[in-house]
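A structural walkthrough
The lines below spell out each chain.
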Protein chains: 2
Amino acid sequence: MNRKKNSITVADVARAANVSKATAARVLGGYGVASESTRRSVIEAADRLGYQPNELARSMSTGRTGLIGVVVGDIENAFFSRAVRGISDTARAAGLNVVIANSGERPEQEREMVSVLLRQRVAGLIVAPTDDRDVRHLKDAIKAGTPVVTLDRWVPDLGADGVCGGDHAAATEVMEHLLVNGHRRIAYVTAVDLTDGRLSDLSDIPISAVRERVRGFMDAMHGTGIANSATFVRGGAVDSRSIDGIIDGLLTDEQRFTAILASDSLIGAEIYRSLSARGIRLPKDMSLVSWFDADWTRVTSPPVSIIDQPTYLFGQTAVKRLIARLEGQAIPPDQIVIPTPFIARGSTGKSRTTG
Amino acid sequence: MNRKKNSITVADVARAANVSKATAARVLGGYGVASESTRRSVIEAADRLGYQPNELARSMSTGRTGLIGVVVGDIENAFFSRAVRGISDTARAAGLNVVIANSGERPEQEREMVSVLLRQRVAGLIVAPTDDRDVRHLKDAIKAGTPVVTLDRWVPDLGADGVCGGDHAAATEVMEHLLVNGHRRIAYVTAVDLTDGRLSDLSDIPISAVRERVRGFMDAMHGTGIANSATFVRGGAVDSRSIDGIIDGLLTDEQRFTAILASDSLIGAEIYRSLSARGIRLPKDMSLVSWFDADWTRVTSPPVSIIDQPTYLFGQTAVKRLIARLEGQAIPPDQIVIPTPFIARGSTGKSRTTG
DNA sequence: TGACAGATTGATACCGGTCTCACTACGATT
DNA sequence: AATCGTAGTGAGACCGGTATCAATCTGTCA
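Residues numbered from 1 in each chain as written. Chains lettered and ligands numbered in written order. Predicted model: local features only at pLDDT ≥ 70, side-chain atom pairs only at ≥ 80, totals over all residues. Heavy atoms only, no water.

Looking at an unreviewed UniProt entry, one finds chain A named LacI family transcriptional regulator, with Paracoccus methylarcula as its source organism.

The next thing to look at is the relation of the copies chain A and chain B. Expressed as a screw transformation, the operator carrying chain A onto chain B has a rotation angle of 180 degrees and an axial translation of 0.0 Å, and the superposed copies differ by an RMSD of 0.1 Å. Here the symmetry operator amounts to a two-fold rotation axis. Mapped onto chain B, 98% of the interface residues of chain A are again interface residues, and the two copies thus contact each other with one and the same surface. (Least-squares fit on C-alpha atoms with pLDDT ≥ 70 in both. Contact = heavy atoms within 4.5 Å.)

Attention shifts here to the packing of helix α6 (residues 107-119) of chain A against helix α7 (residues 136-143) of chain A. Between two packed helices, what matters for the description is the angle formed by their axes and the separation of those axes. Residues and elements named next belong to chain A. Where α6 contacts α7, the two axes come as close as 9 Å, and the packing angle between them is 20 degrees. Between α6 and α7, the angle is such that the two are roughly parallel. Seen from above, α6 lies across α7 with left-handed handedness. Packed against α6, whose contacting residues are Glu 110, Arg 111, Val 114 and Leu 118, the element α7 presents His 137, Leu 138 and Ala 141 at the interface. Split into classes, the residues belonging to the contact of α6 with α7 amount to 4 nonpolar, 1 polar and 2 charged. (Axes fitted to C-alpha atoms, helices over the stretch in contact; angles between N-to-C directions. Helix = DSSP H or I, 4+ residues; strand = E, 2+ residues; numbered from the N terminus. Parallel < 35°, antiparallel > 145°, perpendicular 65-115°, else oblique. Left-handed = near helix turned anticlockwise from the far one by under 90°. Nonpolar A, V, L, I, M, F, W, Y, C, P; charged D, E, K, R; others polar.)

So, on to the pairing of strand β5 (residues 161-165) of chain B. Residue and element names in this part refer to chain B. Where burial is concerned, most of β5 is hidden: 5 out of the 5 residues are buried. Residues of β5 alternate between two faces, with Asp 161, Val 163 and Gly 165 on one and Gly 162 and Cys 164 on the opposite face, all of them buried. The sheet contact formed by strand β4 (residues 148-151) and β5 spans 3 bridges and is parallel. From the neighbouring strand, Val 149 faces β5, where its bridge partner is Asp 161. Pairing of β5 with strand β11 (residues 335-338) involves 4 bridges; the strand directions are parallel. From the neighbouring strand, Gly 162 faces β11, where its bridge partner is Gln 335. (Buried < 20%, exposed > 50% of the residue type's maximum accessible area, 1.4 Å probe, protein only. Pairing = 2+ DSSP bridges.)

Moving on, we get to the nonpolar core. Formed by 154 residues in total, the largest nonpolar core has its most connected members in Ile 126, Leu 261 and Ile 271 of chain A together with Ile 126, Leu 261 and Ile 271 of chain B. Those residues in contact with Leu 261 of chain A that lie beyond four places of it in its chain are Val 174, Met 175, Leu 178, Ile 186, Ala 187, Tyr 188, Val 189, Phe 217, Val 289 and Trp 291 of chain A. Core analysis: the next-biggest nonpolar cluster, separate from the first, contains 36 residues, Leu 67, Val 71 and Ala 141 of chain A together with Ala 101 of chain B among them. (Core = buried A, V, L, I, M, F, W, Y, C linked by side-chain atoms within 4.5 Å.)

Okay, the side chain of Thr 340 of chain B next. Residue and element names in this part refer to chain B. Relative to the helices and strands, Thr 340 resides in the loop between β11 and β12 (342-343). Within the local environment of Thr 340, its side chain forms a polar contact with the backbone oxygen of Gly 166, the two atoms lying 3.5 Å apart. Excluding anything up to four places from it in sequence, Thr 340 contacts Gly 165, Gly 166, Ala 170, Ile 307, Asp 308, Gln 309, Pro 310 and Phe 314. (Polar contact = N/O pair within 3.5 Å; in protein donor to acceptor, adjacent residues only side chain to side chain.)

Once that is clear, we can look at unusual backbone geometry. Each neighbour pair has its own omega, and for Leu 282 of chain A with Pro 283 of chain A the value is -5 degrees, a cis peptide bond. Relative to the assigned elements, Pro 283 of chain A resides in the loop between α11 (265-277) and β9 (287-291). For Asp 152 of chain A, which is not glycine, the phi dihedral falls at a positive 75 degrees. Classification of Asp 152 of chain A by relative accessible area gives buried; the value is 5%. Although it is not a glycine, Glu 105 of chain B adopts a positive phi angle of roughly 60 degrees. Tracing the chain through its elements places Glu 105 of chain B in the loop between β2 (97-102) and α6 (107-119).

Another aspect to go through is the protein's contact with DNA strand D. Close to DNA strand D lie 30 residues, the nearest being Val 10 and Ser 61 of chain A together with Ser 20, Thr 23 and Thr 38 of chain B. Taking the atoms of DNA strand D that fall within 4 Å of the protein, sugar and phosphate contribute 66% of them. In the environment of DNA strand D, a base oxygen lies 2.9 Å from a nitrogen or oxygen atom belonging to the side chain of Lys 21 of chain A. Tallied by class, residues from the surface near DNA strand D come to 14 nonpolar, 10 polar and 6 charged. (Near = heavy atom within 4 Å.)

Looking now at the environment of Ser 7 of chain B. Tracing the backbone through its elements, the reader meets Ser 7 of chain B in the segment before α1 (10-17). In contact with Ser 7 of chain B, not counting residues within four places along its chain, are Arg 121 of chain A together with Asp 12 of chain B.

Here we come to α11 of chain A. Residue and element names in this part refer to chain A. Taking 1.5 Å of rise per residue, 13 residues should cover 18 Å, and α11 covers 18 Å from first to last C-alpha, within 8% of that figure. For α11, the set of buried residues is Ser 265, Ile 267, Gly 268, Ala 269, Ile 271, Tyr 272, Ser 274 and Leu 275. For α11, the side-chain oxygen to backbone nitrogen distance between the N-cap and Leu 266 is 2.9 Å, and the N-cap itself is Asp 264. (Expected span 1.5 Å × (residues − 1).)

DNA strand C sits among 29 residues. The nearest are Ser 20, Thr 23 and Thr 38 of chain A together with Val 10 and Ser 61 of chain B. In DNA strand C, atoms within 4 Å of the protein come 64% from sugar and phosphate. In this structure, a phosphate oxygen belonging to DNA strand C sits 2.9 Å away from a main-chain N or O atom of Ser 35 of chain A. Note that a phosphate oxygen of DNA strand C is positioned 2.9 Å from one of the side-chain N or O atoms of Arg 58 of chain B. Taken together, the elements giving at least two residues each to the surface near DNA strand C come down to α2 (21-29) and α4 (55-62) of chain A together with α2 (21-29) and α4 (55-62) of chain B. For the surface near DNA strand C, the per-class residue count stands at 13 nonpolar, 10 polar and 6 charged.

Here the UniProt-annotated "domain: HTH lacI-type" (unreviewed entry) positions come out as residues 8-62 of chain A. The span residues 8-62 of chain A is 71% helix and 0% strand, and its two end C-alpha atoms sit 20 Å from each other. (UniProt positions renumbered as here; feature names shortened; annotations may be inferred.)

Before going further, it helps to spend a moment on the interface of chain A and chain B. Taken together, the contact pairs 56 residues of chain A with 56 residues of chain B. For the pair chain A and chain B, the summed buried surface comes to about 4,900 Å²; carbon and sulfur atoms form 52% of the total. In terms of surface lost to chain B, no three residues of chain A exceed Leu 56, Arg 121 and Val 299 of chain A, which account for 14% of the buried area on that side. Linking chain A to chain B there are 8 salt bridges. Between Arg 85 of chain B and Glu 76 of chain A there is a salt bridge, with the nearest N and O atoms lying 4.0 Å from each other. Inspection of the region where chain A meets chain B yields 11 residue pairs in polar contact (both at pLDDT 80 or more). Of the residues that constitute the side of chain A that touches chain B, the class distribution is 22 nonpolar, 19 polar and 15 charged. (Buried area = accessible area lost by both parts, 1.4 Å probe. Salt bridge = Lys/Arg side-chain N within 4 Å of Asp/Glu carboxyl O.)

Quick look at the domain arrangement of chain A now. The domain boundaries assigned to chain A delineate domain 1 (10-53), domain 2 (65-165 + 311-338) and domain 3 (167-308). Put simply, the middle of domain 1 of chain A and the middle of domain 3 of chain A, counted by C-alpha atoms, are 63 Å apart. (Domains from an automatic or database assignment.)

Residues and elements named next belong to chain B. Across the sheet, 6 strands lie side by side as β7-β6-β8-β9-β10-β12; this open sheet has mixed pairing. Either end of the sheet is taken by a strand with one partner, and the two such strands are β7 (233-234) and β12. Both strand β6 (residues 186-189) and β7 contribute to a ladder of 2 bridges, which runs parallel. Of the residues in β7, the one forming a bridge with Tyr 188 is Val 233. Contacts from helix α8 (residues 167-180) reach β6, β8 (259-262), β9 (287-291), β10 (305-307) and β12 within the one sheet, and its direction differs from that of β9 by about 170 degrees.

Here you go:
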């Protein structure tokens, strides 16, 4: 047992203060009672020795860790880092600590991270599930007594609360704006891996948030009599190169696209860059809307129209709900929808074909 | 003791497998020896019961938690979130877990967070210290046996390793570029709180990274015979409004500034926005350089010249050094400088006064 | 003066693992 | 046949707290 640190324990303090371990523990742990005089001498001894409580031992014996585990797709993505900030601030205010893990949007890594966190005995989990269809690890966690709140994504039959954006409504709102402006050839670009980059069925999309947006997109298209709108969805937008490819595809398509929806701000930025590089002017030649109010959307000219996802609030809300669960509230798990309004800025205008 | 979770322990597995607790523990913990047959039956029993090791108890008894604590200024800042990603990826690969905390760049919150992490018995700390002059909490941690690596900032007398950028060199490089292009009236804008927003002494800057950059800035200015360069440093750039104020100040100053250095990418973005809003064109009317290669710097027109801080690498390097310390390497603590090259893009050009 | 309630305090089991040490069984060595 | 080495196993201490319960000490009241 190579215990490197010779830390001071309650027993040491007790000895120094000439009281029993139990009494010292009561004073230092802030539970039970002690006379004012012993309390003082214990505290004095603790200060003198530099006692620091061992949270591990405390958790061990109480069975509660004050830790909440968070699994996000990628902390480097501002969407998640802002949510993590919301989670972190809110948790801290409630005296909880936060352990962060990345899934890299890969199901097996998500499972691994959840398992690691459970072994760490986190009190609860906030997870942005990578794949709706494989949530057994989350079900198991819930069954074993660790409450789960899903972030940004909603899995109905999971039995966990979910905090998400109003994805279908936002898509509907954007589409209305675009349709009113005469757009008909509108593309939806997502990172989701679709066969050949094309969508054959909505259920191919494993992330509810994206699925709902695409559903809203297709519903709106359908409403204007466009039946083949599934062909307007492009998947696999994972990096610069793939996005350049998608943009090339859109620009040379026989459907002369006039507007593009970017499913997240990373994709949005790359699309913007790709369009600029090709000399396409916004909004004259093309309209662009991106999900998430990233920094970059305000410094482009024109600034980019966005769907504002207040992910700090997502995180905050998720923690609050988690805390409610930890306190044992037995309300049925449900979906908390946070409005994600469309904010029109300069990158969207009248369709060039009707202008 | 309201132990909510009825988790399976080694004792349960041992009973089910008809062996002693010690033997089951040996098999499940992967230490010691056991015959092939008992090993099989223990594993079978563990699987059947759904045994999940309790990492807490394990840490309790071994004295090591595979946790590393990270305290950053703000995870929401891409500078840090990218570093955190580097830390997280590298730590994970080494079998360590990461606990993140925010200091909000406030010394007392930093102290609080460090204390919380120490109570959590993290194996090591990676901290971006908010104030060089008050690092007693870090010294105490080191003295108590928890290695510390500072991130982005270097505190010489701390006795900890530090991973930082080549701030002085980068400032020198940028200044050379600007001076060659005829700029003489160059402002340095930082979030650091200076009295009246003006710099009276370098030691007023509590963050080494910023101090070194300003030193490089002033050295270069001095090299061209400009003696009052301290008046070209503006502090307090903490939000949209303050930055608008600073820009107004610079534009109306009797010194007709022709170039601005932004000390981080948040400031850079706001300055860009503020300049655009005022109709100032880059690089014709003003040159702009920002530290950190944030997303937004590539989508502006012109794209913004930057000092590239590879913070993913910062994080990665910090973890590697921390692991070396954890393994007991007794090399003297030192500063690891990671080059942060200047990358000229469209936002910097010839000074309008010499053009 | 003796009984009794309330306030303090101490002894000790316990949480779920790891780890030391002693003990057994058995083949190899002499 | 006696001795030895070794693989395998079990008993139990331990980590640093918390929690339970009994013991002691007051002061008060009948």
